[in-house]
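Chain by chain, the residues run as shown.
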Amino acid sequence: MPGPRERVVLDTTLIGTLVERLKALRDVLWRHARVIAALVAPLGRPGDPAAELRRAAAWADDAQRMLTRRLALVRASDEARDAATPDGRLAVVGTGGGTASGGRVALTLPPDPFGGDGDAARAAGTLLGVELAGAALRVSPDVATIAGAAARLGVGANDPDLVAGFVDAVGPDRLAAVLRLVGGVRGGGYVIEATARGPRVHASHGGPHTLVDAPSRRLPAETAAALTAALGAALATFSRAGRLTAGWLARFNAHGEAGAAETTLLGPLLGHGRYAPATLRLLGDALFAGTDVGGDHYRVRPAPLAGPGTGGDARDVGLFGGGPPAARATYAAALLRAIASEPALVARFATDHVEEILAGSRLAALPPPVQTGVPEQVASAWACLARRAGGPEARRADPAGAATFVARLGFAVHQYRAAHLDQTRRWDTSWLLPAGLRAAIGEVLGVWREEMYASVTGLLPAADALRDASGGALVTAWPAAASSDTAADTSGPWSTRLTGPIDGARIPAELWADLLGEALAAGGPLARALATDAALVAGRWEQDQWAATRGYRGDGRTAYPASPRALGRLRQSALFAFFGATLARTADQLTLRAELDAREDTRDTAKVIDELAAIVRAIKPADPVGTLTGLAVSVPVAGAAADLKPFGAPILSSDALAAIDSARIAVAALPGWQAAYVASATAVWLRRADDPIIPVEVTDAAGRRRRFTGDPRADGFITGPLDDFLDAAGRPLAPERTSPARRAAYLRWLASPALVANNDRLPILVSVLPQPAD
Amino acid sequence: MAGTSVYASGSVYASGSGGAGGRGGPVAPPPAGLVANERRGTLLAAAAALRVADAEVATAFGQVTTVFGGGAWEGRAATAWGGELSRARAGVAEALAGAALDCSGAARAEPEWVPRDDPRAIRPVSVPGLPLDGR
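Residues numbered from 1 in each chain as written. Chains lettered and ligands numbered in written order. Predicted model: local features only at pLDDT ≥ 70, side-chain atom pairs only at ≥ 80, totals over all residues.

A word on the overall build of chain B. Across its full length, chain B carries 3 helices and 3 strands. Along the chain direction, N to C, the helices and strands of chain B fall in the order α-β-α-β-α-β. Counting across all 135 residues of chain B, residues that qualify as buried make up 33%. Counted over contacts in chain B with a minimum sequence separation of 6, partners at least 24 positions apart contribute 83%. (Helix = DSSP H or I, 4+ residues; strand = E, 2+ residues; numbered from the N terminus. Buried ≥ 20, exposed ≤ 12 C-beta atoms within 10 Å, placed from the backbone. Contact = placed C-beta atoms within 7 Å.)

The structure is reproduced here in structure tokens:
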């Protein structure tokens with residue numbers, strides 16, 4: 001008799017420890033029970049301490065099984081929170097967020113109908129499985145029994161013991177046949193045979209028309225939907241228990257054969273529960289291996305299903321007999337979206353398949369009359385995958401994986417553009433990215449905006465591991481070590497291994513520029529959002545710079561060659577210059593494309609360029625707050641104005657081109673400012689003997705008054721041998737040959753108030769974006 | 001066979017008091033015509049094993065209690081389970097300590113030496129199939 005709903009507060013990590021300690025206690029009790037029985041029993045003394053030990057050992061064993069089951073139920077309930085009733089999940093207490101990564105969870109659990117008895121639950125699941133298979137796998141399915149079984153399975157779908165009993169009783173081959181019935185999938189070349197041990201499925205081997213295709217073998221839509229939901233939730237539980245493996249999938253086909261997985265049948269189920277990342281990864285890798293986007297048409301084919309327990313020759317066959325064409329697309333989209341919903345998985349998965357995602361997306365965006373056959377829902381799922389792989393959840397859950405994904409995405413986009421675009425030769429053979437993927441890239445850039453602008457305004461070039469031996473151009477193939485989390489490539493300052501979001505600043509500016517260019521080409525609200533991001537970052541830098549150097553004027557008598565805030569302003573200007581340059585280049589590419597295509601949609605290009613020009617006009621490099629206001633007010637007005645001219649000439653307006661040109665001209669003055677700054681700052685240090693550095697006193701962000709002398713040791717930038725970036729003669733070591741710690745200390749020193757304020761040869765970047773007259 | 005008890009060199013026997021093979025000292029020769037009381041030795045060994053078990057089981061229970069009390073699980077069912085845990089722990093401790101006391105008391109009541117033909121000169125037979133070291 002199930003009790004009332006139970007409120008549970010538990011720490012999933014500690015429960016795991018408790019289970020382990022109960023197992024240890026059980027073992028200790030059993031061991032001593034044997035010893036004491038051997039010693040005491042022959043003595044014939046009253047009492048039986050060994051029996052007491054055995055009783056306690058049995059209790060400990062029951063307790064650990066009860067807690068294991070309870071933990072699984074809590075995890076299932078927590079995992080299924082999206083599908084749960086609003087009052088099902090009360091709160092997640094403290095840090096950690098969920099049970100997947102441990103942490104304290106408060107839940108109201110539904111009553112356990114088996115009162116914590118796992119064996120009883122398993123037996124009930126077995127009974128349910130036998131009942132469902134018997135009712136479904138017959139000439140005329142017993143709809144009432146199926147509906148009843150679906151309802152009971154739906155109630156117990158989160159119970160790992162019940163589900164294990166159910167799935168084991170049905171078996172992967174019969175489950176495939178049940179799913180064919182549920183999905184109304186005809187054909188497939190299999191028969192159902194009634195045996196003493198229940199119905200059995202096997203291949204028909206070209207025999208006569210089989211009973212499985214009889215018109216009566218259909219389920220009412222309502223029953224089919226209920227059974228789909230119940231099976232989806234149950235298989236998700238089975239997956240989270242670690243049972244939905246390659247070995248199990250290798251028998252998941254209605255032919256009863258070994259080595260073939262009819263994965264397409266899983267399509268309708270995937271949305272009804274949270275499947276284990278290992279299962280999703282297995283299916284996802286096979287999906288991409290069987291998706292061909294390399295030519296001019298989207299094709300799918302059987303692919304290896306790699307994993308233990310398959311004997312090495314298991315294949316993802318999709319669906320025997322083909323089935324409806326949309327079924328595979330539904331499966332692919334559902335699987336990709338399920339993977340996208342797993343923050344700890346999505347980044348590494350998308351990193352491994354980024355080339356296919358981009359190639360497939362370009363294929364999907366080819367204009368009519370080309371029929372590439374890319375299902376719309378699959379293209380949309382690719383964009384979702386990219387958005388989530390670089391999104392905030394993945395960044396938190398898998399910092400290294402997310403950083404690597406963004407780098408890999410940028411690298412792939414850069415490689416493609418380098419191969420297909422040459423503005424100077426007026427050459428563009430590229431296939432465009434669809435708007436959905438451009439929007440996804442834009443969202444990713446919003447998440448990584450700090451790292452992007454830190455990279456493009458850094459004093460030292462980022463990530464030379466992606467550059468060739470000369471240190472100039474980028475390498476042409478992604479370094480193998482960079483995608484592996486077990487790579488030993490951790491030495492040296494230019495390690496390809498990205499360990500977290502901060503390493504986003506090591507992604508080369510060229511890659512960021514290409515990603516930003518792709519996103520800006522979408523125009524409209526996305527381009528404005530990207531400009532807003534730039535202004536927000538600039539505004540924060542300005543605030544931080546001010547907070548770290550308050551009160552530097554000191555006694556009012558000392559005159560410094562420069563303000564200690566000058567480098568900050570320089571970086572702020574460089575940020576806007578980078579944005580402006582990327583925007584101008586994007587506008588150029590859009591213009592060229594429109595000219596080369598000479599198509600009807602030139603008007604769309606003109607509208608995007610109008611929007612980009614409005615953004616350029618709104619940017620005020622020395623005034624991030626004013627920029628934000630301009631972006632919020634003037635850009636939408638420009639967009640609306642463009643929309644009001646539906647019959648205007650489809651040509652680019654001279655005003656817009658002039659605004660874009662202003663950004664282009666300003667950028668020409670920029671290259672090399674970082675090297676110029678480093679050289680002049682180093683000179684300030686090396687000439688200190690005959691031209692002393694004037695100490696600078698500031699109040700830092702923490703409110704402490706600090707005095708900077710320019711000496712990296714006295715100022716606390718060098719704290720020991722590990723971060724000592726000076727050679728024996730006191731000259732800075734070449735940063736490309738020093739450790740990351742030394743390089744970081746070197747960069748902090750170069751930007752310190754004393755070195756900036758004493759620098760009388762600061763590169764001048766005043767008003768990098770000349771403002772057109774209003 | 002007399003005087004060659006399997007317990008004579010075992011650590012459990014050494015922890016007993018007043019045994020024929022007293023800790024550290026030379027083994028005193030039996031009085032003429034007498035042999036070691038094997039039943040007494042077995043009682044002492046059992047008492048020592050019970051005390052060792054009591055200590056080890058208490059430690060293992062303590063480790064469970066520490067995690068449980070550290071906030072692993074709270075609520076109505078947890079409170080009930082905590083009661084079961086306490087009862088299981090107390091029941092085992094009481095059984096072991098009681099049996100150890102009983103064995104020690106019985107051993108004290110036994111003479112150290114017995115005539116060669118006394119039934120206590122023969123080591124009590126252990127339960128078949130259960131090794132004495134518990135492994």
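This part is about the environment of Val178(A). Residues and elements named next belong to chain A. Tracing the sequence through the fold places Val 178 in helix 6 (residues 172–183). For Val 178, a count of 25 C-beta atoms within 10 Å translates into the label buried. With residues near it in sequence (within four places) discarded, Val 178 still touches Leu 132, Ala 133, Ala 136, Leu 137 and Val 170.

Residues and elements named next belong to chain A. Look at helix 16 (residues 435–447) against helix 18 (residues 509–520): their axes get within 8 Å of each other, and the N-to-C directions meet at 130°. One finds that helix 16 runs oblique with respect to helix 18. Note on packing geometry: the crossing formed by helix 16 with helix 18 is left-handed. Residues Arg 438, Ile 441, Gly 442 and Leu 445 of helix 16 form the contact with helix 18, whose own contacting residues are Leu 515, Leu 516, Glu 518 and Ala 519. (Axes fitted to C-alpha atoms, helices over the stretch in contact; angles between N-to-C directions. Parallel < 35°, antiparallel > 145°, perpendicular 65-115°, else oblique. Left-handed = near helix turned anticlockwise from the far one by under 90°.)

What follows deals with the confidence of the model for chain A. Residue and element names in this part refer to chain A. Here chain A shows a mean pLDDT of 83. Residues at 70 or above account for 84%. Confidence, expressed as mean pLDDT per element, reaches its minimum in chain A at strand 2 (residues 89–93) with 38 and its maximum at helix 13 (residues 376–389) with 96. Here residues 482–495 is modelled with pLDDT under 50, and outside its nearest four sequence neighbours on either side it reaches 27 contacts, counting other chains as well. (pLDDT = per-residue confidence, 0-100.)

It is worth spelling out the confidence of the model for chain B at this point. All names here are of chain B. The share of residues in chain B with pLDDT of 70 or more is 72%, and the mean pLDDT across the chain is 77. Within the model, the stretch residues 1–24 combines pLDDT values under 50 with 39 contacts to residues more than four positions away or in other chains. Confidence estimates for the predicted assembly give a pTM of 0.78 and an ipTM of 0.78.

Moving on, we get to the interface of chain B and chain A. Contact with chain B, which involves 41 residues of that partner, is made by 35 residues of chain A. Within the residue set of the side of chain B that touches chain A, elements represented by two or more residues are helix 2 (38–72), strand 2 (73–74) and helix 3 (76–108) of chain B. It is helix 2 of chain B that contributes the most residues to the side of chain B that touches chain A, 18 residues altogether. A breakdown of the residues in the side of chain B that touches chain A according to their chemical character gives 27 nonpolar, 9 polar and 5 charged. As paired elements, strand 1 (residues 6–11) of chain A and strand 2 of chain B share 2 bridges and run antiparallel to each other. Residue pairing across strands places Leu10(A) opposite Trp73(B), the latter belonging to strand 2 of chain B. (Nonpolar A, V, L, I, M, F, W, Y, C, P; charged D, E, K, R; others polar. Pairing = 2+ DSSP bridges.)

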